[in-house]
Amino acid sequence: MAGEVDPSCNPVDLMAQDSCNPSGLYGVEREADGEESSGSVQNAEPTPATGRNTDADYSTFDIVKATQYGAFERCKELIEGGYDINKRDNENVTLLHWAAINNRREIVRYYISQGAVVDAIGGELMSTPMHWATRQGHLGMVVLLMREGADSSLRDGEGCSCIHLAAQFGHTAIVAYLVARGANVNLMDKNGMTPLMWSAYRVTSLDPTRLLLTFGASTSMADRLHGNTALHWAVIAKNHMAVSVLVNHSANVDIANAQGESAYSLIMKRKTQWLDKKVLEKIQEMQKSSRNICYRISNDKTLRYWTMMGTPFLVFYLVGLVFQISILYLFKLAIFTALYVIIYGISRILYDERLMTVMPMAVYLATKFWCYVTWVLYIHEYSGLGVTVLFMASSLLLWYNFLRAWWGDPGVITADQAQKYQTIIELAERDGFDPQWFCSTCLVRRPIRSKHCSVCNRCIAKFDHHCPWVGNCIGANNLKYFIGYLIMLCGMSCFVLQGCFYYWNGACNVVFLKQSIWTSLKTVGTCEPWVAWVGANATLHAVWVATLLGCQLYQVLILGMTTNERMNCYRYKHFQVGKKGEVRSPFHRGVWRNLQDLLNWQCLGLLKPDRTDWLHIYTLSETSEDKQPLLSQSEMYQDLLRHALPPLWAGAHLLRQRSGLKEFQAISQKLN
Ligand SMILES: [Zn+2]
Ligand SMILES: [Zn+2]
């Protein structure tokens, strides 16, 4: 008979309900960097078996088979013919069980409306229909049954409630939904196993272990039978992903189980090839840190932070100092080598890989600091008071932009516990969890253009990138200040370089245009090496900051994209790819309007920036009402010419009027 029916029905029978399917339907198996892979769980119901050419076949089905295959009309016919809705089959299973395990929602609704007992207990495992739906990972069915009054806390014959089953089988979305609907995240099953222990033992993907930890699952609880913590179970199962997640959540490696074995001793007893090298190092560190005082001091996070922040200040000064002292170049080289060895030694002992993100900012702060010192000690005497005042005034603007970019809120998407639960319930009950729109780390609904920053571990509205030079994410609220900072930093580097020229001119009698470059450079290097060192740094900064600024402005003004969108546009369905492979942003409004949006200035109503609140916009249709249609590549440049380069555009028009079409076309081609 089975061969005659529509194979798309894919029914599940009693044998299949015990099959373990840890891969899960959730589909959000994150990669190590915190990014989501594609895939989602929608609440789509399988196609009901109302096939055209199989009606005759269904008419011969008994009610159990009709329920399994989703033949709604046949089920209705049999119930209306007097079949007892709560009657059990030979395996002590009700019709509702069969409908639930096969995700036949229409039939479930009908059976319940006809008086089916929602929490009927049946089958070998003494389970409810909800247990069966949970094992199978049918989020939509779980939602439906709970709406109809099913109790998720009931235990099956093995003493597991629904949250234990969802955790065992890796159905993260169901775990999230159950917790949001009030299930205890640390609920113990008959043997004292918590959902976290089951997940650590059975599920090899990152979720739901990480989700349970985000919900506050305890890492120190131990089961009643073996006294194992979740970390013990992860080690026993050689589940490297779970060990990594638990260790990163500071799970204690020293808790002893009933046999007196700690997770650490279990790891050391076994071969450790299955474990990530970094995770193993971290476990060994944690072991040492709980015993060794010296180790604890050298691993103090504050000490490490300030050592890393301070090193660039010291190195900048020492390098300048070595240049300054008058000894043989060979000795200088020897001192530099010694300096390198010492710094390398310090970095081995006191640097923290997890704090490496502070280094670029420390380098910037050190460079700025020594530039100020140099200006005061060397340059101001030769630059004159006016230039010094201008330099200091411009640096005020730089610090204003820098501080707003560094300490300002980039647009963090926040939600309290109640809001997070509400979001989960809403998404589960409406259209399932699409990882593109739900962050399973922050447990928030993701606004359009937002992204989870893996460095800061938070979701940012209109995420641009995480900038190590300002030690913050760049997003909806601080992009303007970041660009302002780049402009000012570029200007200031040029200012310092100009100041150095004043100095070389006044103190060293270097006249660049009248002497050969080699003679000038030689004089600059020997006259005052410290100023030459600072000048070289200013040049370097000016060049790279100008490059960065150019890229940033190109993206914001000409492409209408964030850095993240430019890098990952293929991930976003709302980004269109043109015939020649060029990607068009739906947020591009033309160069002039993009500039107004960036600045967000109204100038007494003369400018009309787009005031979209990127923290609360979830779909493209919710964006600005006066959003322009997509511009073609040539329209983009015309737009740029009209607005950003008005004199050039006007010049080209004038030329067309005066000198004929040919010249105009030549110029236009060049510009395009
Ligand atoms: Zn997030
Ligand atoms: Zn960040």
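Residues numbered from 1 in each chain as written. Chains lettered and ligands numbered in written order. Predicted model: local features only at pLDDT ≥ 70, side-chain atom pairs only at ≥ 80, totals over all residues. Heavy atoms only, no water.

A.B. asks: What's the story with the packing of aromatic side chains in this structure? I'm lost.
C.D. replies: Given two aromatic rings, their pairing is described by the distance between the two centres and the angle made by the two planes. Applying the stated criterion across every chain, the model contains 37 aromatic pairs. A ring pair is formed by Phe72 and Tyr110, whose centres lie 5.5 Å apart and whose planes are at 80 degrees; its orientation type is edge-to-face. Residue Phe72 is located in helix α3 (residues 72-80), and its partner Tyr110 is located in helix α5 (residues 105-113); the two are separated by 38 residues in the primary sequence. Taking 5.3 Å as the distance between ring centres and 90 degrees as the angle between the ring planes, the aromatic pair formed by Tyr382 and Tyr503 counts as edge-to-face. (Phe/Tyr/Trp six-rings, centres within 6.5 Å; stacked < 30°, edge-to-face > 60°. Helix = DSSP H or I, 4+ residues; strand = E, 2+ residues; numbered from the N terminus.)

A.B. asks: Before we go on, may I ask you to explain the confidence of the model for the protein in this structure?
C.D. replies: Any segment with low pLDDT has predicted coordinates that should not be analysed in fine detail. Of the residues in the protein, 81% have a pLDDT of 70 or more, and the chain-wide mean is 80. The element-level mean pLDDT for the protein is lowest in helix α28 (residues 646-659), coming to 40, with helix α6 (residues 129-136) highest at 95. Low pLDDT, under 50, characterises residues 1-55; the predicted model gives this stretch 129 contacts beyond four residues in sequence or across chains. Every residue in residues 625-672 scores below 50 in pLDDT, and together they form 44 contacts with partners more than four places removed in sequence or on other chains. (pLDDT = per-residue confidence, 0-100. Contact = heavy atoms within 4.5 Å.)

A.B. asks: Help me understand the UniProt feature "transmembrane region" (unreviewed entry) in the protein in this model?
C.D. replies: Within the UniProt annotation, "transmembrane region" (unreviewed entry) is assigned to residues 305-327, 358-378, 384-403, 482-504 and 542-563. For residues 358-378, helix accounts for 95% and strand for 0%, while the C-alpha atoms at its two ends are 30 Å apart. End C-alpha atoms of residues 482-504 are separated by 33 Å, and the span's content is 100% helix alongside 0% strand. (UniProt positions renumbered as here; feature names shortened; annotations may be inferred.)

A.B. asks: Teacher, can you tell me more about the UniProt feature "repeat: ANK" (unreviewed entry) in the protein here?
C.D. replies: Listed under "repeat: ANK" (unreviewed entry) in the UniProt record, and renumbered for this structure, are residues 91-123, 125-157, 158-190 and 226-258. Across residues 125-157, helical content stands at 52% and strand content at 0%; the span's end C-alpha atoms are separated by 5 Å. Structurally, residues 158-190 comprises 48% helix and 0% strand, and the distance from its first C-alpha atom to its last is 7 Å.

A.B. asks: Please clarify how the coordination of the zinc ion (ligand 1) should be interpreted in this entry.
C.D. replies: Tetrahedral coordination by four donors places them ideally at 109.5 degrees to one another around the metal; octahedral coordination by six donors ideally gives 90 or 180 degrees. Here the zinc ion (ligand 1) is held by the protein donor atoms Cys439 (SG), Cys442 (SG), His452 (ND1) and Cys459 (SG), which lie 2.0 to 2.3 Å from it. If you list the donors of the zinc ion (ligand 1) from N- to C-terminus, the spacing comes out as C-x2-C-x9-H-x6-C. Remark: Cys459 occurs in strand β4 (residues 458-460) and Cys442 occurs in the loop between β1 (438-439) and β2 (444-445); sequence separation between them is 17 residues. (Donors = N, O, S within 2.8 Å, 3.2 Å for Na, K, Ca; no water.)

A.B. asks: What's the story with α3 in this structure? I'm lost.
C.D. replies: Given 3.6 residues per turn, any residue in an α-helix points the same way as the ones three and four places further on. Among the residues making up α3, those that are buried are Phe72, Arg74, Cys75 and Ile79. Taken around the axis of α3, the buried residues stretch over an arc of 165 degrees, which confines them to a single face. Residues of α3 that are exposed and point over 90 degrees away from its buried face: Glu73 and Glu80. (Buried < 20%, exposed > 50% of the residue type's maximum accessible area, 1.4 Å probe, protein only. Arc of directions from axis to C-beta.)

A.B. asks: I keep staring at the side chain of Asn239 and nothing clicks. Help me out?
C.D. replies: You can see Asn239 is positioned in the loop between α12 (230-236) and α13 (240-248). Setting aside residues no more than four positions away along its own chain, Asn239 makes contact with Ser199, Ala200, Val203, Thr204, Ala234 and Trp274.

A.B. asks: Any chance you could explain unusual backbone geometry here in plain terms?
C.D. replies: Excluding glycine, a negative phi dihedral is what most residues carry, and trans is how most peptide bonds are arranged. A positive phi angle is found at Leu443, which is not glycine, with a value near 55 degrees. Within the element layout of this structure, Leu443 appears in the loop between β1 and β2.

A.B. asks: How should the nonpolar core be read in this particular structure?
C.D. replies: A general trend in soluble globular proteins is that nonpolar side chains are found buried together. Core analysis: the biggest nonpolar cluster contains 92 residues, and Tyr111, Leu145, Leu178, Val243, Leu246 and Ile283 have the highest contact counts within it. Here this core gets 8 residues from one element, more than from any other, and that element is helix α9 (residues 172-180). Apart from residues lying up to four places away in sequence, Val243 is in contact with Leu231, Ala234, Val235, Trp274, Leu275, Val279 and Ile283. Formed by 58 residues, the second largest nonpolar core is a distinct cluster that contains Val319, Val387, Leu489 and Leu557. (Core = buried A, V, L, I, M, F, W, Y, C linked by side-chain atoms within 4.5 Å.)

A.B. asks: Sorry if this is basic, but what is going on with the environment of Leu397 here?
C.D. replies: With respect to the helices, strands and loops of the structure, Leu397 is situated in helix α20 (residues 385-407). The spacing of Leu397 and Leu489 is 92 residues in sequence and 9.6 Å in space, taken between C-alpha atoms.

A.B. asks: Before we go on, may I ask you to explain the packing of helix α19 (residues 359-383) against helix α22 (residues 479-507) in this structure?
C.D. replies: Relative orientation and spacing of two packed helices are given, respectively, by the angle between their axes and the distance between those axes. At a closest axis distance of 9 Å, the pairing of α19 and α22 adopts a crossing angle of 40 degrees. Pair α19 / α22 crosses with left-handed handedness. Seen from α19, the contacting residues are Tyr364, Lys368, Cys371, Tyr372, Trp375, Tyr378, Ile379, Tyr382 and Ser383; seen from α22, they are Tyr485, Leu489, Met492, Phe495, Val496, Gly499, Cys500, Tyr502, Tyr503, Gly506 and Ala507. In terms of residue class, the contact of α19 with α22 is made up of 16 nonpolar, 3 polar and 1 charged. (Axes fitted to C-alpha atoms, helices over the stretch in contact; angles between N-to-C directions. Left-handed = near helix turned anticlockwise from the far one by under 90°. Nonpolar A, V, L, I, M, F, W, Y, C, P; charged D, E, K, R; others polar.)

A.B. asks: Where do I start with the state of the cysteines in this structure?
C.D. replies: Should the sulfur atoms of two cysteines be covalently bonded, the bond is a disulfide. Taken as a whole, this structure holds 1 disulfide when the rule is applied. With its sulfur 1.9 Å from that of its partner, Cys508 forms a disulfide with Cys527. What sets the handedness of the Cys508 and Cys527 disulfide is the S-S torsion sign, and at about -75 degrees it is left-handed. With Cys508 in the loop between α22 and α23 (517-527) and Cys527 in helix α23, this pair connects stretches of sequence that are 19 residues apart. Free of any disulfide, Cys371 has its nearest cysteine sulfur in Cys500, 7.6 Å distant. (Disulfide = S-S within 2.5 Å.)

A.B. asks: When you look at a nonpolar patch on the surface in this model, what are you seeing that I'm missing?
C.D. replies: Nonpolar side chains collect at one region of the surface, where Ile325, Ile327, Leu328, Leu330, Phe331, Leu333 and Ile335 lie side by side and expose about 680 Å² of accessible area between them. In this fold, Ile335 is placed in helix α18 (residues 329-350). Given the relative accessible area of 33%, Ile335 is considered partly exposed. (Patch = residues over 30% accessible without salt bridge, like charges linked within 9 Å, V, L, I, M, F, W, Y side chains within 5 Å. Areas by Shrake-Rupley, 256 points an atom, 1.4 Å probe, with all protein chains shown as cover. Salt bridge = Lys/Arg side-chain N within 4 Å of Asp/Glu carboxyl O.)

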